[in-house]
Amino acid sequence: MFQKDLFAQRLRALRKGAGEKQEDLAEILGVTATQVSDMEQAKKTTTLEKFVLICEHYRVSADYLLGLRNEP
C-alpha cells in the first residue's frame, strides 16, 4: 500500500545520495524547489509523468518509491 511518508523519505534520500539540491531536482522535473520540498515533507505528491521522471533519473523502480518493495 502506498505510504506518502515513505515516498517522501525515499525521494529525499535519493536526491541527497546523488548530491543534488532541491533546486536541481526541481529543474529536472520542471517544478519549483518548493514543490520538491512539499514532496519531501509528504505534504504533496506529484503527477504520474513527473513520478516516471524521478524513477528514470534516479534509476529506481516505481515499486521502490511507492513503498511496495525495499530494493531500489
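Scroll up to find the structure this text is about.
Rules used throughout
- Residues numbered from 1 in each chain as written.
- Predicted model: local features only at pLDDT ≥ 70, side-chain atom pairs only at ≥ 80, totals over all residues.
- Heavy atoms only, no water.
- Salt bridge = Lys/Arg side-chain N within 4 Å of Asp/Glu carboxyl O.
- Helix = DSSP H or I, 4+ residues; strand = E, 2+ residues; numbered from the N terminus.
- Buried < 20%, exposed > 50% of the residue type's maximum accessible area, 1.4 Å probe, protein only.
- Contact = heavy atoms within 4.5 Å.
- Phe/Tyr/Trp six-rings, centres within 6.5 Å; stacked < 30°, edge-to-face > 60°.
- Core = buried A, V, L, I, M, F, W, Y, C linked by side-chain atoms within 4.5 Å.

## Thoughts on the pattern of salt bridges
Moving on, step 1. Across all of its chains, the model carries two salt bridges by this definition.
Moving on, step 2. The partner of Glu40 in a salt bridge is Arg15, and the shortest N-O contact between them spans 2.5 Å. Here Glu40 is found in helix H3 (residues 33-40), whereas its partner Arg15 is found in helix H1 (residues 4-17), with 25 residues between them in sequence. The same class applies to Glu40 and to Arg15, which are both buried.
Moving on, step 3. Residues joined in a network through salt bridges with shared partners are Arg12, Arg15 and Glu40.

## Describing the environment of Glu49
Moving on, step 1. One can find Glu49 in helix H4 (residues 48-58).
Moving on, step 2. Here the alpha-carbon distance between Glu49 and Leu29, two residues 20 residues apart in the chain, equals 9.1 Å.

## Focus on the side chain of Glu40
Moving on, step 1. Relative accessible area serves as the criterion here: at 2%, Glu40 is assigned to the buried category.
Moving on, step 2. Excluding anything up to four places from it in sequence, Glu40 contacts Ala8, Leu11, Arg12, Arg15 and Gln22.

## Focus: unusual backbone geometry
Moving on, step 1. Unlike most non-glycine residues, Ala42 shows phi in positive territory, near 60°.
Moving on, step 2. The class of Ala42 is buried, set by a relative accessible area of 15%.
Moving on, step 3. Located in the positive-phi region is Arg59, a residue other than glycine, with phi close to 55°.
Moving on, step 4. Summarising the element assignment, Arg59 is placed in the loop between H4 and helix H5 (62-66).

## Looking at the packing of aromatic side chains
Moving on, step 1. Applying the stated rule across the entire model yields one aromatic pair.
Moving on, step 2. When the ring of Phe7 is compared with that of Phe51, the centres are 6.2 Å apart and the planes differ by 40°; the resulting orientation is tilted. Of the two residues, Phe7 sits in helix H1 while Phe51 sits in helix H4, which places them 44 residues apart along the sequence. In terms of burial, Phe7 and Phe51 fall into one category: buried.

## Some details on the nonpolar core
Moving on, step 1. Of all hydrophobic cores here, the largest spans 16 residues; its most connected members are Leu11, Tyr58 and Leu65.
Moving on, step 2. Of the residues forming this core, the biggest block, four residues, is contributed by H4.
Moving on, step 3. If we skip the residues at most four places from it in the chain, Tyr58 touches Leu11, Leu14, Arg15, Ala18, Glu20 and Leu25.

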